[in-house]
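# Per-entry structural report
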Amino acid sequence: MPRLSFIISTFNRREVLLGTLARLRECEIEHEVFVIDNASGDGTADAVRQKFPEVRLISLNENRGSCAKNLALPLARGEYVVFLDDDSFPQPGAIARMIEHFEELPMLGAAGFTVTLPDGSRECSAYPDVFIGCGVGFRRAVLEQVGGLPEDFFMQAEEYDLSLRLLDAGWDVRTFDDLHVTHLKTPGARVSERTMLLDVRNNLVLVARYFPQEWGWPYSRDWMLRYGIIAASKGYQNAFEQGLAEASAKRTAGVGRREVSAKTFERFAKIDQTRQRMAKYDFRRVLFADYGKNMLAYRLAAEACDMQIVAIADTNLGGRRFTCHGIPIVDDQEAQQLEFDAIIVSNLSPVHARRAAECWRKRTDKPVIDLFE
């Protein structure tokens, strides 16, 4: 009986997938591998059958996206299940350490891997209690309890959906510094406009499905303001509008409302924690660094602490006359000319927050505060 089940979904990336499968053969733990082929037209299925006969191949007649991984769950026999992308693979020793974490932490439901891109940079979820789908392990029994990925999402934000269900069932979702996966981030099948559409649609459905009623509208408005600005900066307004329309249609048809508890939502959104940590400082005028997905919690905390936000510094979005609820979004050069008492890193993503803090500490002698550092 295998200790571990790897599950990969793929679409038209035959050579990249074959490279990943070759690396998985070297895994030191007894394992099985499932590949779900989303109706690839490049000979993926035949190549897998020929070169990796031990792989359990599930061939589909249509592309069901990354959420097609669910199809392997009823067949998986491992005590632990690892989701990978077809172009991501664990580094030597990482799987053994993952199992050690599960054995040491009885309430660990999902063990996220630290993800490294080819240029050496890191990839990370916008929220610390949400795993990233290209490298994550689960207890199979926990997936049987809470269910797998949301099949109606296809791709984008599916990790949020499953993470919220894990958290609400009392399980921990953690990312570990000693678990490493390399993500090649192969461009094939990554269509930026489609990604924008699905981000908009699925995040709105996520809010409607799980968020407590009092937070539904504030988060829908805040997230869509941010996605709208990103879409405008990239010329993806049509995809943004289509995402809004599809989300509206799904909500009209019903989204399977399952509101998480207030405790779970606070654990995820960290609204009270952000306010409490910001209240330790007596700054009057602050510069926010990074227009993160979690901006709402930081804005509310600043308001509660009577701090004026002079601007949001964001390298990618600044200098284009964008605003967030009246707060100007500026580039880093313009931000350095402003008058403020301190810089608060306004991003919960550990990777992005660390990067922003390091950059600003090199630019200024004023305090640079990462509330969750």
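Data block above holds the structure.
Residues numbered from 1 in each chain as written. Predicted model: local features only at pLDDT ≥ 70, side-chain atom pairs only at ≥ 80, totals over all residues. Heavy atoms only, no water.

## A word on the packing of helix H7 (residues 213-234) against helix H11 (residues 295-304)
- H11 packs onto H7 with a crossing angle of 110° between their chain directions and a minimal axis gap of 10 Å. When the axes of H7 and H11 are compared, the pair comes out roughly perpendicular. Together, Trp-215, Pro-218, Tyr-219 and Asp-222 of H7 and Met-295, Leu-296, Arg-299 and Leu-300 of H11 make up the contact between the two elements.
- When the residues that make up the contact of H7 with H11 are grouped by side-chain class, the tally is six nonpolar, no polar and two charged. (Axes fitted to C-alpha atoms, helices over the stretch in contact; angles between N-to-C directions. Helix = DSSP H or I, 4+ residues; strand = E, 2+ residues; numbered from the N terminus. Parallel < 35°, antiparallel > 145°, perpendicular 65-115°, else oblique. Contact = heavy atoms within 4.5 Å. Nonpolar A, V, L, I, M, F, W, Y, C, P; charged D, E, K, R; others polar.)

## Quick look at the pattern of salt bridges
- With the rule as written, the count across this model stands at 23 salt bridges.
- A salt bridge links Lys-185 to Glu-123; its shortest N-O distance comes to 2.4 Å. Here the residue Lys-185 occupies a position in the loop between strand S9 (172-183) and helix H6 (192-210), and Glu-123 occupies one in strand S7 (residues 122-123), the gap between them amounting to 62 residues.
- Taking relative accessible area as the criterion, Lys-185 reaches 36% and is therefore assigned partly exposed.
- Using a relative accessible area of 17% as the deciding quantity, one classes Glu-123 as buried.
- Across the pair Asp-152 and Lys-250 runs a salt bridge, and its minimum N-O distance is 3.4 Å. Of this pair, Asp-152 sits in the loop between helix H4 (140-146) and helix H5 (158-168) while Lys-250 sits in helix H8 (residues 237-253), placing them 98 residues apart in sequence.
- Looking at Lys-250, the relative accessible area reads 21%, which means it is partly exposed. (Salt bridge = Lys/Arg side-chain N within 4 Å of Asp/Glu carboxyl O. Buried < 20%, exposed > 50% of the residue type's maximum accessible area, 1.4 Å probe, protein only.)

## Some details on the sheet that holds strand S10 (residues 285-289)
- Pairing within the open sheet is mixed, and its six strands lie in the order S12-S13-S11-S10-S14-S15. Both outer strands of the open sheet, strand S12 (323-324) and strand S15 (368-369), are each paired with one neighbouring strand and no more.
- Both S12 and strand S13 (residues 327-330) contribute to a ladder of two bridges, which runs antiparallel. Within the sheet, the bridge partner assigned to Cys-324 lies in S13 and is Ile-327.
- Each of S10, strand S11 (308-313), strand S14 (342-345) and S15 touches helix H13 (residues 350-363); the most contacted strand, S14, lies at about 160° to it. (Pairing = 2+ DSSP bridges.)

## Details of the packing of aromatic side chains
- Under the defined criterion, the tally for this structure stands at 18 aromatic pairs.
- Taken together through their ring pairs, the aromatic side chains of Tyr-127, Tyr-160, Phe-211, Trp-215, Tyr-219, Trp-223, Phe-265 and Phe-268 make up a single cluster.
- Positioned over the ring face of Phe-89 is Arg-23, at 3.9 Å from the centre of the ring.
- The ring of Tyr-160 carries Lys-293 above its face, with NZ or CZ at 4.1 Å from the centroid. (Phe/Tyr/Trp six-rings, centres within 6.5 Å; stacked < 30°, edge-to-face > 60°. Lys NZ or Arg CZ within 6 Å of the ring centre and 35° of its normal.)

## Description of helix H10 (residues 271-278)
- Turning to H10, its buried residues number three or more, namely Ile-271, Thr-274 and Met-278. For H10, the angular spread of the buried residues around the axis is 65°, confining them to a single face.
- Those residues of H10 that are buried are in contact with H7, helix H9 (262-269), S10, H11 and S14. (Arc of directions from axis to C-beta.)

Coordinates in, geometry out; function isn't part of it.
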